[in-house]
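So the chains spell out like this:
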Amino acid sequence: LGLVGHPNVGKSSLVNSIMGGKFVSVKATPGHTKTLQTLILDDRTCLCDSPGVVFPRLEVPREVQIVGMLIPLAQVREPFSALRWVMEHSPRPLAELLNLKPASLAQVMELRDS
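A brief report on the enclosed structure follows. It should be emphasised that the depicted structure is a prediction, and the values quoted were computed from it without experimental measurement.

## As for the overall build of the protein
In step 1: Broken down by element type, the protein carries 5 helices and 3 strands.
In step 2: Along its sequence from the N terminus, the protein presents helices and strands in the succession β-α-β-β-α-α-α-α.
In step 3: Scaling as 2.2 N^0.38, a compact globule of 114 residues should have a C-alpha radius of gyration of about 13 Å, whereas the protein reaches 19 Å, well beyond that.
In step 4: Considering only C-alpha atoms, the protein reaches an extent of 50 × 35 × 30 Å along its principal axes.
In step 5: Looking at the protein residue by residue over its 114 residues, the buried ones come to 18%.
In step 6: A separation of at least 24 residues holds for 35% of the contacts in the protein among residues at least 6 apart in sequence.
In step 7: Accessible surface for the protein amounts to roughly 8800 Å². Of this, 61% is attributable to carbon and sulfur atoms.
In step 8: The positive charge centre, built from 12 side chains, and the negative charge centre, built from 10, are 7 Å apart in the protein.

## Topic: the sheet that holds strand β2 (residues 37–42)
In step 1: Spatially, 3 strands are ordered β1-β3-β2 in an open sheet, and the strand pairing comes out mixed. Single-partner strands in this sheet number two, and they are β1 (2–3) and β2.
In step 2: Bridge analysis of β2 against strand β3 (residues 45–49) gives 5 bridges, and the strand direction is antiparallel. Counterpart to Leu-39 in the pairing with β3 is Leu-47.
In step 3: In the packing of helix α1 (residues 11–19) onto the sheet, the strands contacted are β1, β2 and β3, and the crossing angle to β3 comes to about 150 degrees.

About the thresholds
- Each residue is numbered by its place in its chain's sequence as written, counting from 1.
- Given that the model is predicted, a residue must reach a pLDDT of at least 70 before its local features are reported, and side-chain atom pairs must reach 80 or more before they are shown or counted; all residues, however, enter totals for whole chains, interfaces and linings.
- Each side-chain value is derived from all of the structure's non-hydrogen atoms; neither hydrogens nor water enter the calculation.
- Only DSSP runs of H or I with at least four residues qualify as helices, and only runs of E with at least two residues qualify as strands; both kinds are numbered from the N terminus onward.
- What the globule rule says is 2.2 Å times the number of residues to the power 0.38, and the radius of gyration is computed from C-alpha atoms.
- Burial classes: relative accessible area under 20% of the type maximum marks a residue as buried, over 50% as exposed, and values in between as partly exposed (1.4 Å probe, protein chains only).
- A contact between two residues is defined here by any heavy atoms of the two lying within 4.5 Å.
- Values of accessible area rely on a 1.4 Å probe in the Shrake-Rupley scheme; residue burial ignores everything except the protein chains shown.
- Residues scored as charged are limited to Lys and Arg (positive) and Asp and Glu (negative), so that His and the chain ends carry no count.
- A charge is said to be at NZ when it belongs to Lys, at CZ for Arg, at CG for Asp and at CD for Glu.
- Should DSSP find at least two bridges between two strands, the strands are regarded as paired.
- Lines fitted to C-alpha atoms define the axes here, with helix axes fitted over just the stretch in contact, and angles between the N-to-C directions of these axes take values from 0 to 180 degrees.

What follows is the structure, encoded as structure tokens:
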């Protein structure tokens, strides 16, 4: 299993989370992971953490880049356009797809007051 993505988006942190401890080094600055790091999970599976990859600039709307995780979430100031894009392009309504039930006014008020 390989993790590939932009620099400083949390690939190494995800590896540590999956492994349940500090197995690869993590820094807040981009470019810390310099080489491919491979961890053996079992006799048939290994987990690979790669250095950040800068993808070529694509003529893709920003909301699509956000949904595709091409833009680090820390740089997303306005997520609603990306959510709108997902809702508009979902094959089924998201409430149906995610099996969501509408909240009652009493539930909303209870959440607000807690």
